[in-house]
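# Reading the structure
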Amino acid sequence: MCLVEVEKSPKPVASCAMPALPGMKIKTNTPVAKKAREGVMEFLLMNHPLDCPICDQGGECDLQDQSMAFGADRGRFTEMKRSVVDKNLGPLVKTVMTRCIQCTRCVRFASEVAGVQDLGMLGRGSGEEIGTYVEKLMTSELSGNVIDICPVGALTSKPFAFKARNWELKGTETIDVTDAVGSNIRVDSRGPEVMRIVPRLNEDINEEWISDKTRFCYDGLKRQRLNDPMIRGTDGRFKAVTWRDALAVVAEVLQQVKPEEITGVAGKLSDAESMMALKDFVNKMGSDKVLCEGNGPSPPADLRSNYLMNTSIAGLEKADVFLLVGTQPRVEAAMVNARIRKTVRATQAKVAYIGPPTDFNYDHEHLGTGPQTLVEIAEGRHPFCSTLQSAKNPVIIAGAGLFDREDQDALFSTIETVAKKFNVVRPDWNGLNVLLLHAAQAAALDLGLVANPTESIKSTKFLYLMGADDVDLDKVPDDAFVVYQGHHGDKAVYRANVILPSSAFSEKEGTYENTEGCTQWTIPAVPTVGDARDDWKILRALSEVAGAQLPYDSLSGVRDRISMVAPNLVHVDEREPCTISSEVKPPVKQQVSSTPFKTVVENFYMTDAITRASKIMAQCSATLLKK
Amino acid sequence: MLPPAARLAARRLLGLATSSASDSAAARRLSRSPISYAAAGCSSRLFSTALNYHLDSPENNPDMPWEFTEANMKKVNEILSHYPSNYKQSGIIPMLDLAQQQHGGWVPVAAMNAIAKIVEVAPIRVYEVATFYTMFNRTKVGKYHLLVCGTTPCMIRGSREIEEALLEHLGVKRNEVTSDGLFSVGEMECMGCCVNAPMIAVADYSKGSEGYTYNYYEDLTPKRVVEIVEMLKRGETPPRGTQHPERKNCGPAGGNTTLHGEPKPPPCRDLDAC
């Protein structure tokens, strides 16, 4: 379809395959070029079924667009059209293989980007077809992207099948919060319903791909939602009440507990505004026990470089040696993994991994399972040291799972020793990275939500859970009063005394900081469910009822307050590098323990309240994770 | 009288009905021209012996253990030595051929997996090659796989009658194996024997990869081809090449009518004189 006319060339030239030469005169819009394209179009449509009215790609189909420009209004092909048996690629990708025009984009994507060599081009001539030959599901965490790259309706989204036409959808350009990457997405909605999620181009973060979790978690936004404030009665059942009553009850309990018994916990999907409000509120009540889940007993919040991906995601492409410590990027941050894979493929960069055995889709060297290997590298006793020594741009990526370890200070100091020894941090290159797990983590550390979770929760009498579902609820004292503010009836609701419904990321404007320290905003795509409100507004209202009114009434007010605490959080789409070197850190007296590193994300498809509520994600974990 | 377009459509429908009445595997792939083969008693135009996807069966599944015999492993290493170590996949085609000879004329999916392991590529890359080339059989064939050339010169000289005679004599359809497992009939493209058309090629897998032969039988008649099959059945080796009694190789029947004697050297300058 890319045929153009080149002066002095007797035939039309395929522009995609012809290098431009000096003095070449190329004509793209001449009768010759048009006729040539019409000819190609006729061949493409020869075996293509005329099922546009029932095809999900209709309206956003490359072939349809091209045929509007170059297609004839009738075909000359009178033979039988070819038909191809549909393939089963799993719960995410629906196939209608008869529509395939054999462009092999999906084959190339699967083998080059996703790193699963399952798809291939089988047969020859008119019998040619895309398939896996043996019955095989596409078990990649990026498989959903073949839906986008398929130019026709051969590969379409199974959950989205026959749900909506693309011209009925309203697109909202926002970001994803299911992991710490902050992939740029477009939420397509119809009325109050999120119909699908598709990626948005951002070369610095997710390029043009998104993970399956990002793409297909949206049905979780419609299930298990909390839509009314609720109070648990004496019979143990929840009763829907008005906001006024719910807030009054919470405020009353607040008056009865001692200030130091108040604990606030932000969940992994919290935005910076609500965490700011939570911190201000808890502090105003006289307590400093406010934390964000997943940041461990003593969060390394003193220096930003201690918890960010300092190389930046795009910067990983310049690296030539990777040392992954206690992190499984394929499940923790699929887009970062795709970037590492891209680097490995392009430059044969070496990857070494310390941690439990796990899946990689590129060549890697498994050095060991525990911190002992790391110590050996730091002391220069490990054979891998020579590789690190000769590396030009070495990168160390430590997993955020290390935050939960008792010996995290010692571990990070060992990692810094390695970094210093092998010149990982230089004025022109910072290869020392931490890969975070949750969307809220970086902003929480910026804002100083750094209390120790075990101690804060053990002694609490009033626990305020803001979307926090993964706190250890067994540790919560029986007489503690638990307020759960969140959008999903997930784990923590079972322990809650009061439920305050809030809005999900698709329904609110919020600031999120991704793992590389890039601040991004979500934009509301759909209205909130029921009586739910934005998180920070609930806290603002509660503070007023409790008699400790927070000094902001609007989103810009909260952001002004944030700019005083962490100014980088108001500079949207910018990465603010850390300027203070890690040299200023005090010496560590802790000893590295010998406990091996643990797998942090057991189930890639279910990591937070939204994905746990999603039926599609449940299907994925049932079929694709089968061992 | 129907208008021409309607007549064409009616004929097509008829052709479609014939093809769907045959076995379901063949019906999955609609024949490209249903009418032309109705005469030959064959409803589907399948070049290779199988579909473009694999269906598990007791004798062909990925869990089946399969490896090259020791003698063939030597050949495999010989094949690999032809290629640089980072381009081992160049050896896929000769290895598939070897596997086919070893496995009685067809390549099971387990053999493809074994080859993928040897050349260090994903199995799908081997499947792609095996499905592309029609000479790799991915379902069972007979010990003698008879391939009838169906390209234009042979067709004009009566290849369809040859195939019909074979199918009738053996009592099978195309790509089916006789009940004794000895014969199967397939179609193939031009093998360059057009001057002695029609011809068949017989792939003999009865003696494993050591005694494997691939012979052409040319200048056939429906009678002669049945005789050849009978000879093969008795374990004899029919003389390969032309079956015309008076013809030698591809020379004219009854001896040369021209070009008697030594050919005259081309007129050229006298090199000795220089």
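- As recorded in an unreviewed UniProt entry, chain B goes by the name NADH dehydrogenase [ubiquinone] flavoprotein 2, mitochondrial, listed as coming from Oryza sativa subsp. indica.
- The UniProt entry for chain B carries this comment under Cofactor (unreviewed entry): "[2Fe-2S] cluster".
- What the UniProt record of chain B gives under Sequence similarities (unreviewed entry) is the line "Belongs to the complex I 24 kDa subunit family."

- The name an unreviewed UniProt entry gives chain A is NADH:ubiquinone reductase (H(+)-translocating), with Oryza sativa subsp. indica as the organism.
- Quoted verbatim from the Catalytic activity (unreviewed entry) field of UniProt, the annotation for chain A is "a ubiquinone + NADH + 5 H(+)(in) = a ubiquinol + NAD(+) + 4 H(+)(out)".
- On record in UniProt, under Sequence similarities (unreviewed entry), the comment for chain A is "Belongs to the complex I 75 kDa subunit family."

### Describing the state of the cysteines
Residues and elements named next belong to chain B.
- For the structure shown, the criterion picks out zero disulfides over all chains.
- Unpaired in terms of disulfides, Cys190 finds its nearest cysteine sulfur in Cys194, a separation of 3.6 Å.
- Judged by its relative accessible area of 38%, Cys190 is partly exposed.

### Section: the UniProt feature "domain: 4Fe-4S His(Cys)3-ligated-type" (unreviewed entry) in chain A
- Within the UniProt annotation, "domain: 4Fe-4S His(Cys)3-ligated-type" (unreviewed entry) is assigned to residues 32-71 of chain A.
- Helix makes up 60% of residues 32-71 of chain A and strand 0%, and the two end C-alpha atoms of the span are 15 Å apart.

### Digging into helix α16 (residues 555-565) of chain A
All names here are of chain A.
- Of all the residues in α16, the buried ones are Leu555, Val558, Arg559 and Ile562. In a view along the axis of α16, the buried residues occupy a sector of 95°, so they form one face of it. Exposed residues lying more than 90 degrees from the buried face of α16 are Asp560 and Met564.

### Some details on the sheet that holds strand β22 (residues 462-466) of chain A
Residues and elements named next belong to chain A.
- Reading across from one edge, β12-β11-β24-β23-β22-β13-β14 is the order of the seven strands in this open sheet, with mixed pairing throughout. Looking along the sheet, the strands with just one partner apiece sit at the ends: β12 (238-240) and β14 (290-292). This sheet shows a mean twist of 20° between the axes of neighbouring strands, independent of strand direction.
- Sheet topology places β22 next to strand β23 (residues 481-486); five bridges connect them, and they run parallel. The residue of β23 that forms the bridge with Leu463 is Val482.
- Against the sheet, helix α7 (residues 272-284) engages β13 (262-266), β14 and β22, with an angle of about 175° to β13.
- The strands touched by helix α15 (residues 535-545) are β22, β23 and β24 (498-501); relative to β22, the strand with the most contacts, the crossing angle is about 150°.

### Quick look at the pairing of strand β16 (residues 350-354) of chain A
Residues and elements named next belong to chain A.
- Burial analysis of β16 places four of its five residues in the buried class, which makes it a mostly covered element.
- Pairing between strand β15 (residues 321-325) and β16: five bridges, direction parallel. Each residue of the ladder has a partner; that of Leu323, found in β16, is Ala352.
- Bridge count between β16 and strand β17 (residues 365-368): three bridges; the pairing is parallel. Paired with Ile354 across the strands is Gly368, a residue of β17.

### Description of the domain arrangement of chain B
Residue and element names in this part refer to chain B.
- On domain assignment, one finds that chain B holds domain 1 (48-132) and domain 2 (144-242).
- Domain 1 and domain 2 are separated by 26 Å when their C-alpha centres are compared.
- On the side of domain 2, seven residues touch domain 1, which itself brings 10 residues to the contact.
- Both faces combined, the contact of domain 1 with domain 2 buries some 640 Å², and carbon together with sulfur accounts for 51% of it.
- At the boundary of domain 1 with domain 2, the tally comes to zero salt bridges.

### Here's the deal with the nonpolar core
All names here are of chain A.
- Phe322, Val336, Ile340 and Ile397 are the most contacted members of the largest nonpolar core, which has 84 residues in total.
- Element by element, the count of residues in this core is highest for helix α9 (residues 334-347), at six residues.
- Residues in contact with Val336, not counting those within four places in the same chain, are Val181, Met309, Ile313, Leu316 and Leu435.
- One finds Trp243, Met285, Ala443 and Ala548 within the second-largest nonpolar core, a separate group that totals 47 residues.

### Considering the environment of Thr519 of chain A
All names here are of chain A.
- Tracing the chain through its elements places Thr519 in strand β26 (residues 519-522).
- Exposure remark for Thr519: the relative accessible area of 0% places this residue in the buried category.
- In the structure, Thr519 is positioned 103 residues away from Ala622 in sequence and 35 Å away in space, judged by C-alpha atoms.
- Excluding residues within four positions of it along the chain, Thr519 makes contact with Thr511, Tyr512, Glu513, Asn568, Leu569, His571, Val572, Asp573 and Glu574.

### Structural notes on the interface of chain B and chain A
- Residue-level contacts link 24 residues of chain B with 23 residues of chain A.
- Carbon and sulfur atoms make up 57% of the area that chain B and chain A hide from each other, which totals about 2,100 Å².
- Inspection of the region where chain B meets chain A yields zero salt bridges.
- Counting every contact that joins chain B to chain A gives eight residue pairs in polar contact (both at pLDDT 80 or more).
- Listing elements by their share of the side of chain B that touches chain A, those giving two or more residues are α1 (4-21), α5 (109-119) and α6 (123-132) of chain B.
- Broken down by element, the residue count for the side of chain B that touches chain A peaks at six residues, all from α6 of chain B.
- Taken together, the residues of the side of chain B that touches chain A break down into 11 nonpolar, six polar and seven charged.

### Description of the packing of helix α1 (residues 31-46) of chain A against helix α2 (residues 62-70) of chain A
All names here are of chain A.
- Where α1 contacts α2, the two axes come as close as 10 Å, and the packing angle between them is 135°. One element, α1, and the other, α2, form an angle in the oblique class. For α1 against α2, the interelement crossing comes out left-handed. The residues of α2 that touch α1, namely those facing Lys34, Arg37, Glu38, Met41, Leu44 and Leu45, are Leu63, Gln66, Ser67, Ala69 and Phe70.
- Here the contact of α1 with α2 is composed, by residue class, of six nonpolar, two polar and three charged.

### Regarding the packing of aromatic side chains
- With the rule as written, the count across this model stands at 15 aromatic pairs over all chains.
- Between Tyr133 of chain A and Tyr127 of chain B, the aromatic rings sit 4.8 Å apart at their centres with planes inclined by 40°, giving tilted as the arrangement. Residue Tyr133 of chain A is located in the loop between β6 (129-131) and α4 (145-149), and its partner Tyr127 of chain B is located in helix α6; the two belong to separate chains.
- Residue Tyr127 of chain B is classed as buried on the basis of its relative accessible area of 4%.
- Here Phe604 of chain A and Tyr605 of chain A contribute two aromatic rings whose centre-to-centre distance is 5.0 Å and whose plane-to-plane angle is 70°, an arrangement assigned as edge-to-face.
- The exposure class assigned to Phe604 of chain A is buried, which follows from its relative accessible area of 4%.
- Of the residues examined, Tyr605 of chain A reaches a relative accessible area of 4% and is grouped as buried.
- Members of the aromatic cluster, joined through ring pairs, are Phe281, Phe462, Tyr464 and Phe481 of chain A.

### Some thoughts on the UniProt feature "domain: 4Fe-4S Mo/W bis-MGD-type" (unreviewed entry) in chain A
- Those places that UniProt annotates as "domain: 4Fe-4S Mo/W bis-MGD-type" (unreviewed entry) correspond, in this numbering, to residues 169-225 of chain A.
- Note that residues 169-225 of chain A is 9% helix and 35% strand, and that its end C-alpha atoms are spaced 22 Å apart.

### A few points about the sheet that holds strand β1 (residues 144-149) of chain B
Residues and elements named next belong to chain B.
- Ordered by their spatial adjacency, five strands build an open sheet running β2-β1-β3-β4-β5, and the pairing between neighbours is mixed. Either end of the sheet is taken by a strand with one partner, and the two such strands are β2 (183-188) and β5 (241-242).
- Pairing analysis gives six bridges linking β1 to β2, with the strands arranged parallel. Along β2, the bridge assignment pairs Cys149 with Met188.
- The sheet strands contacting helix α8 (residues 159-170) are β1, β2 and β3 (200-204), and the helix crosses β1 at an angle near 155°.

### Examining the environment of Pro357 of chain A
All names here are of chain A.
- With respect to the helices and strands, Pro357 occurs in the loop between β16 and β17.
- For the pair Pro357 and Thr519, spaced 162 residues apart in sequence, the C-alpha to C-alpha distance is 33 Å.
- Those residues in contact with Pro357 that sit more than four places away from it in its chain are His366 and Thr369.

Rules of the game
- Residues numbered from 1 in each chain as written.
- Chains lettered and ligands numbered in written order.
- Predicted model: local features only at pLDDT ≥ 70, side-chain atom pairs only at ≥ 80, totals over all residues.
- Heavy atoms only, no water.
- UniProt positions renumbered as here; feature names shortened; annotations may be inferred.
- Disulfide = S-S within 2.5 Å.
- Buried < 20%, exposed > 50% of the residue type's maximum accessible area, 1.4 Å probe, protein only.
- Helix = DSSP H or I, 4+ residues; strand = E, 2+ residues; numbered from the N terminus.
- Arc of directions from axis to C-beta.
- Pairing = 2+ DSSP bridges.
- Axes fitted to C-alpha atoms, helices over the stretch in contact; angles between N-to-C directions.
- Contact = heavy atoms within 4.5 Å.
- Domains from an automatic or database assignment.
- Buried area = accessible area lost by both parts, 1.4 Å probe.
- Salt bridge = Lys/Arg side-chain N within 4 Å of Asp/Glu carboxyl O.
- Core = buried A, V, L, I, M, F, W, Y, C linked by side-chain atoms within 4.5 Å.
- Polar contact = N/O pair within 3.5 Å; in protein donor to acceptor, adjacent residues only side chain to side chain.
- Nonpolar A, V, L, I, M, F, W, Y, C, P; charged D, E, K, R; others polar.
- Parallel < 35°, antiparallel > 145°, perpendicular 65-115°, else oblique.
- Left-handed = near helix turned anticlockwise from the far one by under 90°.
- Phe/Tyr/Trp six-rings, centres within 6.5 Å; stacked < 30°, edge-to-face > 60°.

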